[in-house]
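Spelled out from the first residue to the last, the chains are:
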Amino acid sequence: AKEDELKAKGVSDVLVYCVNDGAVMTAWAEDQGVEGSIITFLGDPRSEVTEALGLVLDHPDPMSVLGNPRCKRFSMLIDDGVIKTINVAAAEDDPAGDDNPTVSLVDK
């Protein structure tokens, strides 16, 4: 249902990535049942994409729980290889974006 709505709006792919290895992302994708859909899960184990985007989550508060640097919660709309919008769920008092993750919705 949602996939059809996205396709009708011209969306060809939905990419989900995390600072995790491929095995973790594959297991997560299997758990979510996205095989055969427009959704692809990708790993960024060395934070190369995260660093290139300037979205490393390395604030001391979340780092005390997470351990290693992670990626900030965000969404991005890319059209023909051009970033049209980027929405980051992070604030001075909420560096991980946990209090208001809806800020990172692509339709914002």
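What counts and what doesn't
Residues numbered from 1 in each chain as written. Predicted model: local features only at pLDDT ≥ 70, side-chain atom pairs only at ≥ 80, totals over all residues. Heavy atoms only, no water. Helix = DSSP H or I, 4+ residues; strand = E, 2+ residues; numbered from the N terminus. Buried < 20%, exposed > 50% of the residue type's maximum accessible area, 1.4 Å probe, protein only. Areas by Shrake-Rupley, 256 points an atom, 1.4 Å probe, with all protein chains shown as cover. Phe/Tyr/Trp six-rings, centres within 6.5 Å; stacked < 30°, edge-to-face > 60°. Pairing = 2+ DSSP bridges. Right-handed = clockwise from strand over helix to strand, strands pointing away. Polar contact = N/O pair within 3.5 Å; in protein donor to acceptor, adjacent residues only side chain to side chain.

Asker: I would appreciate a short explanation of the overall build of the chain in the present structure.
Answerer: When helices and strands are counted, the chain shows four helices and six strands. Its helices and strands in sequence order give the chain the pattern α-β-α-β-α-β-α-β-β-β, from N to C terminus. A burial count over the chain gives 22% of its 108 residues as buried. Counting only carbon and sulfur atoms, one obtains 51% of the accessible surface of the chain, whose full area is about 7500 Å².

Asker: Looking at this structure, I do not really get the packing of aromatic side chains. What am I missing?
Answerer: In this description, an aromatic ring pair is defined by two values, namely the gap between the centres and the angle between the planes. Counted according to the given criterion, the structure contains two aromatic pairs. On the basis of an interplanar angle of 90° and a centroid distance of 4.7 Å, the ring pair of Trp-28 and Phe-41 is categorised as edge-to-face. One end of the pair, Trp-28, is in helix α2 (residues 22–32); the other, Phe-41, is in strand β2 (residues 39–43), with 13 residues separating them in the sequence. Classification of Trp-28 as partly exposed rests on a relative accessible area of 34%. Residue classification places Phe-41 among the buried positions, given a relative accessible area of 14%.

Asker: Hey, could you run me through the pairing of strand β1 (residues 14–18) in this one?
Answerer: Both faces of the sheet carry side chains from a regular strand, because those side chains alternate between them. Pairing analysis gives five bridges linking β1 to β2, with the strands arranged parallel. Counted as the bridge partner of Val-16 is Phe-41 from β2. As for the winding sense of the linkage, the β-α-β connection from β1 through α2 to β2 is right-handed.

Asker: Just checking my understanding: could you explain α2 for this structure?
Answerer: Three- or four-residue spacings in an α-helix give side chains the same orientation, since the helix completes a turn every 3.6 residues. N-capping of α2 is provided by Asp-21, with a side-chain oxygen placed 2.9 Å from the backbone N of Ala-23. Taken from the residues just after α2, Gly-33 is the one with a positive phi, measuring 65°.

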